[in-house]
Amino acid sequence: MPSTKALALPLLAALAAAAVGADGEIRASGEDGLMAWPDLLERPRPAPRTTIPYGDDPLQVVDLWLPDGPGPHPTVLMVHGGCWQTEIADRTIMNWIADDLRRRGMAVWNVDYRGVDRGGGYPGTFQDVAAAADALRTHAARHRLDISRLVATGHSAGGHLALWLAARPRLPADSPLRTNNPLPIHAVVSLGGLPDLEEAARPPGSGCGTEVIAQISGGRFAETSVPRLAPLGIRQVLVNGLQDRIIPTAYAEGYAAPMRAAGDDVTVRMVDRTGHVELVAPETSAWAMAVAEIERALHP
């Protein structure tokens with residue numbers, strides 16, 4: 001079985017290729033005209049207004065993106081992906097869409113966490129994102145954040161974690177991941193997520209590989225795989241690219257079916273001419289679709 005590091009190498013290698021044309025414009029340099037990671041990562045990166053720690057580890061921090069004006073600000077909780085591995089990605093991969101939401105008048109609580117390669121996995125990664133989410137309640141009044149209709153969004157592995165945060169009230173009573181009074185989440189918009197860890201654990205799995213699923217789940221799917229925690233009782237929207245080579249398109253409807261059977265409101269939106277990167281690039285039709293769903297959830 002390949003190591004976690006070996007699984008990370010193909011994704012890391014994609015970050016090294018140049019993608020900025022001689023005219024200085026970003027182009028879609030991947031296969032079939034799709035975006036490659038450098039198309040996003042090599043453009044100027046916006047910066048948040050403030051960073052707030054929720055623990056002692058350097059990764060236990062949240063970037064707060066505040067819009068102009070006195071507030072109260074509708075708020076989006078954001079979770080990055082990267083196959084649950086810090087070596088692949090951290091919260092800054094979401095900076096472009098976080099800044100886009102800020103410009104649209106929404107505050108963004110963009111969380112980081114320890115990946116499976118930095119002391120996370122089970123239970124650490126879950127405990128981190130739970131603590132980061134609950135810290136939002138602590139800081140909301142000071143920063144004029146309206147969390148009365150909190151929307152969570154996450155990309156790839158972060159889509160799983162965003163949905164899992166909404167599922168926390170359903171955790172088994174004896175789970176070490178369970179906490180008292182978890183922060184309520186009112187809707188989730190998953191961007192190319194893989195929330196059914198049991199499905200992702202079956203070979204050939206996703207672009208993350210199957211070994212990392214064992215590390216993030218600890219084999220305890222009843223606590224970590226979202227369908228095991230159904231129903232969530234909230235609206236869930238899955239935005240996926242039809243040409244996504246990291247997350248199989250079948251994962252979205254494969255997740256939606258059992259959740260709907262349990263009584264949940266789950267919508268799947270497949271976007272043509274869209275891979276994995278387009279989902280977090282602010283100029284794309286996929287992100288426009290996600291923004292529309294976020295705004296609908298914030299202002300029903």
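Residues numbered from 1 in each chain as written. Predicted model: local features only at pLDDT ≥ 70, side-chain atom pairs only at ≥ 80, totals over all residues. Heavy atoms only, no water.

**Student:** Would you explain the nonpolar core in this entry?
**Tutor:** Side chains of a nonpolar character, in soluble globular proteins, are inclined to be buried together. Membership of the largest hydrophobic core comes to 97 residues, with the highest contact counts inside it found for Leu77, Trp84, Trp109 and Trp164. Those residues in contact with Leu77 that lie beyond four places of it in its chain are Trp109, Val111, Ala133, Leu136, Leu150, Val151, Ala152, Thr153 and Leu165. (Core = buried A, V, L, I, M, F, W, Y, C linked by side-chain atoms within 4.5 Å. Buried < 20%, exposed > 50% of the residue type's maximum accessible area, 1.4 Å probe, protein only. Contact = heavy atoms within 4.5 Å.)

**Student:** Can you walk me through the side chain of Thr125 in this structure?
**Tutor:** Mapping Thr125 onto the fold places it in helix α4 (residues 121–139). At 2.7 Å, the side chain of Thr125 and the backbone oxygen of Arg114 are in polar contact. Excluding its chain neighbours within four sequence positions, the residues that come into contact with Thr125 are Tyr113, Arg114, Gly115, Val116, Gly120, Leu161 and Ile216. (Helix = DSSP H or I, 4+ residues; strand = E, 2+ residues; numbered from the N terminus. Polar contact = N/O pair within 3.5 Å; in protein donor to acceptor, adjacent residues only side chain to side chain.)

**Student:** Just checking my understanding: could you explain the environment of Gly119 for this structure?
**Tutor:** With respect to the helices and strands, Gly119 occurs in the loop between β4 (107–111) and α4. When the C-alpha positions of Gly119 and His276 are compared, they lie 26 Å apart, and in sequence the two are 157 residues distant. In this structure Gly119 touches Arg114 and Gly124, once residues within four positions along its chain are discounted.

**Student:** How should I be thinking about empty space enclosed by the protein in this particular structure?
**Tutor:** Over the atoms a probe the size of a water molecule is rolled, and this reveals where empty space is left. According to the stated counting rule, one finds one cavity of 30 Å³ or more in the structure shown. The computed volume of the largest cavity comes to approximately 30 Å³. Lining the largest cavity are Ala187, Val189, Arg235, Val237, Glu293, Arg296 and Ala297. The set of elements that each furnish at least two residues to the lining of the largest cavity consists of β6 (187–191), β7 (235–241) and α10 (285–298). For the lining of the largest cavity, the element with the highest residue contribution is α10, accounting for three residues. A class-by-class count of the residues in the lining of the largest cavity yields four nonpolar, no polar and three charged. (1 Å grid on protein atoms, 1.4 Å probe; cavity = no way out; pocket = protein on both sides within 12 Å on 5 of 7 lines; lining within 4 Å. Points joined across faces, edges and corners; volume = space filled by probe spheres on them. Nonpolar A, V, L, I, M, F, W, Y, C, P; charged D, E, K, R; others polar.)

**Student:** Please clarify how the pattern of salt bridges should be interpreted in this entry.
**Tutor:** Side chains that differ in charge, positive against negative, can pair when their charged atoms come close. For the structure shown, the criterion picks out 19 salt bridges. Here Asp57 makes a salt bridge to Arg118, at a shortest N to O gap of 3.6 Å. A residue pair is termed long-range when its members are at least 10 positions apart, and Asp57 in the loop between β1 (50–53) and β2 (61–65) and Arg118 in the loop between β4 and α4 qualify at 61 residues. Given a relative accessible area of 38%, Arg118 falls into the partly exposed group. Across the salt bridge formed by Arg273 and Asp272, the nearest N and O atoms sit 3.7 Å from each other. Take Asp272: its relative accessible area is 41%, and that puts it in the partly exposed class. (Salt bridge = Lys/Arg side-chain N within 4 Å of Asp/Glu carboxyl O.)

**Student:** What should I look at first to understand the packing of aromatic side chains in this one?
**Tutor:** To describe a pair of aromatic rings, you give the distance between the ring centres and the angle between the ring planes. A full pass over the atoms with the stated rule returns two aromatic pairs. Through a chain of ring-to-ring contacts, three or more aromatic side chains come together here, namely Tyr122, Phe126 and Trp164. (Phe/Tyr/Trp six-rings, centres within 6.5 Å; stacked < 30°, edge-to-face > 60°.)

**Student:** I would appreciate a short explanation of the environment of Ile216 in the present structure.
**Tutor:** By the element assignment, Ile216 lies in helix α7 (residues 211–217). In the structure, Ile216 is positioned 95 residues away from Gly121 in sequence and 4.2 Å away in space, judged by C-alpha atoms. Once residues within four sequence positions are removed from consideration, Ile216 is found in contact with Trp84, Val116, Gly121, Tyr122, Thr125, Phe126, Leu197 and Thr224.

**Student:** Any chance you could explain helix α5 (residues 157–167) here in plain terms?
**Tutor:** For an α-helix, 3.6 residues make a turn, and residues three or four places apart therefore share a direction. Counting buried residues along α5, 11 of its 11 residues qualify, which places the element largely inside the surrounding structure. Listed as buried for α5 are Ala157, Gly158, Gly159, His160, Leu161, Ala162, Leu163, Trp164, Leu165, Ala166 and Ala167.

**Student:** What's the story with the sheet that holds β6 in this structure? I'm lost.
**Tutor:** Paired through their backbone hydrogen bonds, the strands of a sheet run either parallel or antiparallel. Judged by pairing direction, the sheet is mixed, and its eight strands sit side by side in the order β1-β2-β4-β3-β5-β6-β7-β8 without closing on themselves. In this open sheet, the two edge strands, each paired with only one partner strand, are β1 and β8 (265–271). Within the sheet, the average angular offset between the axes of one strand and its neighbour, ignoring direction, is 20°. Pairing geometry for strand β5 (residues 145–155) and β6, over five bridges, is parallel. By the bridge assignment, Thr153 is partnered in β6 with Val189. Of the strands in this sheet, β7 and β8 touch helix α9 (residues 250–261), which is tilted by about 165° from β8. (Pairing = 2+ DSSP bridges. Axes fitted to C-alpha atoms, helices over the stretch in contact; angles between N-to-C directions.)

Such coordinate-based values are descriptive only and should not be taken to indicate function.
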